[in-house]
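As a plain string of letters, each chain reads:
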Amino acid sequence: MDLIDIGANLTHESFRQDFDDVLARASAHGVGRMVVTGASREGSHDALALARASRGRLFATAGVHPHHAIDYDDRTDAQLRELAREPEVLAVGETGLDYNRNYSPRDVQRDVFERQLEIAVEMGKPLFLHQRDAHHDFLAILKRYRDRVPAAVVHCFTDTGEALRDYLDLDCHIGITGWICDERRGAHLRELVRTIPANRLMLETDSPYLLPRTIRPMPKDRRNEPMYLAHIRDEVARDRGETRDALTEATTRTAEAFFGLSPGAVP
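All values reported here derive from a predicted model rather than from experimental measurement.

A.B. asks: Can you explain the overall build of the chain? Please cite residues and give values.
C.D. replies: Helix and strand counts for the chain stand at 9 helices and 8 strands. The C-alpha radius of gyration computed for the chain amounts to 17 Å, which stays within 12% of the reference 18 Å derived for 267 residues, consistent with globular compactness. In terms of its C-alpha atoms, the chain occupies a principal-axis envelope of roughly 45 × 40 × 35 Å. Across the 267 residues in the chain, those meeting the buried criterion constitute 58%. Contacts in the chain between residues at least 24 apart in sequence constitute 74% of all its contacts with a sequence separation of at least 6. With an accessible surface of roughly 11,500 Å², the chain has 46% of that area assigned to carbon and sulfur atoms. Averaged over its 36 positive side-chain charges, the chain has a centre that lies 3 Å from the centre of its 44 negative ones.

In structure tokens form, the structure reads like this:
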């Protein structure tokens, strides 16, 4: 059974020169399907275009990252609603709150987050969520909408055990990235990942970001890509005391159920 990378920023400019090779390497390493993250109005359009060009293998989300919330307007809202209607768009997001860098004012972030939650409610689509250093406000807003959307994943989870329990109590899924391989900042995740129920755990690279620090040899350009999902799978399997095959099957089945994908690997 092949892995599913639930979050890959394949519209990033670093993939333009060798995109086909990136997909070929992913396939060679057992990554059959990838969900391309839409994190801006333009990026969401581009993610849909990639999904349409590689039907059955690539899929998309549509949303505006909190970094770009300041650029969100009525036109953006209308375009995201149109994108969310497309069958290749499997979730609304990446959306949420990021108080770490505050590229957009916090009040604007909260407003834009709620507008995208309303899109997910209206379209009946799952949520692809981002939260950094904003747990209290993020949780308070999400609680008001959680029972009106079919599913929600807190992508690239890096937070505390308390935050993890809060999300699991809301019946959220959890996305684990190569952050778990970072001995400086992600060591706590090796304990926490053991407590995530199998039917709530999914894997992602968040490529080209978050290259796992335990990869040897390290690529010279330090670019992450979907083929390294197999490395993340191996690390998580070891931390959970599971076999690679068992974790592959569990996370793939969970992702299929979450995104409404047909069972089975892409040939």
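More follows now that the structure is in view.
A.B. asks: Give me the lowdown on the layout of surface pockets, citing residues and values where you can.
C.D. replies: Taken as a whole, the largest pocket holds about 800 Å³ of empty space. Along its surface, the largest pocket is lined by 26 residues, and His65, His67, His130, Asp206 and Tyr209 are the ones closest to its centre. Every element with two or more residues in the lining of the largest pocket is listed here: α2 (41-53), β4 (89-98) and β5 (127-132). Per-element accounting of the lining of the largest pocket gives the leading share, 3 residues, to β5. For the lining of the largest pocket, the residue count by class is 6 nonpolar, 13 polar and 7 charged. Considered as a void within the structure, the second largest pocket measures approximately 230 Å³ in volume. Contributing to the lining of the second largest pocket are 15 residues, with Asp182, Arg184, Leu211, Pro212 and Arg213 lying nearest its centre. Counted by class, the lining of the second largest pocket contains 6 nonpolar, 2 polar and 7 charged residues.

A.B. asks: Please give an account of the sheet that holds β5 that cites residues and values.
C.D. replies: One open sheet accounts for 8 strands, arranged β1-β2-β3-β4-β5-β6-β7-β8; its pairing is parallel. Two strands in the sheet have a free side with no partner beyond their single neighbour: β1 (3-8) and β8 (201-203). Strand-to-strand twist of the sheet, defined as the mean angle between neighbouring strand axes without regard to direction, takes the value 30°. As paired elements, strand β2 (residues 31-36) and strand β3 (residues 58-62) share 3 bridges and run parallel to each other. Note that in β3 the partner of Val35 across the bridge is Phe59. Across the sheet, α2 touches β2, β3 and β4, and the angle it forms with β3 is around 160°. The strands that helix α4 (residues 106-123) touches are β4 and β5; relative to β4, the one it contacts most, it runs at about 160°.

A.B. asks: Talk me through helix α5 (residues 135-143); I want residue IDs and the actual numbers.
C.D. replies: Along α5, the residues that are buried comprise His135, Phe138, Leu139, Ile141 and Leu142. Projected down its long axis, α5 shows its buried positions confined to an angular sector of 165°, all on one face. Away from the buried face of α5 by more than 90 degrees, exposed residues His136 and Lys143 are located. Looking at the buried side of α5, the elements it contacts are β4, α4, β5 and α6 (161-169).

A.B. asks: Residue-level account of helix α9 (residues 244-259), with values.
C.D. replies: With 16 residues, α9 should cover 22 Å at 1.5 Å per step; its first-to-last C-alpha distance of 22 Å lies within 8% of that length. For α9, the set of buried residues is Leu247, Thr248, Thr251, Thr252, Thr254, Ala255, Glu256, Phe258 and Phe259. Where α9 terminates, the next one or two residues include Gly260, which has phi positive at roughly 75°.

A.B. asks: How would you sum up the packing of aromatic side chains? Please name residues and give values.
C.D. replies: One pass over the structure, following the stated rule, counts 4 aromatic pairs. Seen in terms of ring centroids, Phe113 and Phe138 are 5.3 Å apart; in terms of plane orientation they differ by 5°. Their pairing is stacked. Of this pair, Phe113 sits in helix α4 while Phe138 sits in helix α5, placing them 25 residues apart in sequence. Neither residue differs from the other here; Phe113 and Phe138 are each classed as buried. Ring centres 5.8 Å apart and planes at 85° place the aromatic pair Phe138 and Tyr167 in the edge-to-face group. With a gap of 29 residues between them, Phe138 in helix α5 and Tyr167 in helix α6 connect regions that are remote in the sequence. An identical accessibility class is assigned to Phe138 and Tyr167; each is buried. A network of ring pairs unites the aromatic residues Phe113, Phe138, Phe157 and Tyr167 as a single cluster. One Lys or Arg, Arg106, reaches over the ring of Tyr99 and ends 4.2 Å from the middle of that ring.

How each quantity is defined
- Residues numbered from 1 in each chain as written.
- Predicted model: local features only at pLDDT ≥ 70, side-chain atom pairs only at ≥ 80, totals over all residues.
- Heavy atoms only, no water.
- Helix = DSSP H or I, 4+ residues; strand = E, 2+ residues; numbered from the N terminus.
- Rg over C-alpha atoms; globule rule 2.2 N^0.38 Å.
- Buried < 20%, exposed > 50% of the residue type's maximum accessible area, 1.4 Å probe, protein only.
- Contact = heavy atoms within 4.5 Å.
- Areas by Shrake-Rupley, 256 points an atom, 1.4 Å probe, with all protein chains shown as cover.
- Lys, Arg positive; Asp, Glu negative; His and termini not counted.
- Charge placed at Lys NZ, Arg CZ, Asp CG, Glu CD.
- 1 Å grid on protein atoms, 1.4 Å probe; cavity = no way out; pocket = protein on both sides within 12 Å on 5 of 7 lines; lining within 4 Å.
- Points joined across faces, edges and corners; volume = space filled by probe spheres on them.
- Nonpolar A, V, L, I, M, F, W, Y, C, P; charged D, E, K, R; others polar.
- Pairing = 2+ DSSP bridges.
- Axes fitted to C-alpha atoms, helices over the stretch in contact; angles between N-to-C directions.
- Arc of directions from axis to C-beta.
- Expected span 1.5 Å × (residues − 1).
- Phe/Tyr/Trp six-rings, centres within 6.5 Å; stacked < 30°, edge-to-face > 60°.
- Lys NZ or Arg CZ within 6 Å of the ring centre and 35° of its normal.

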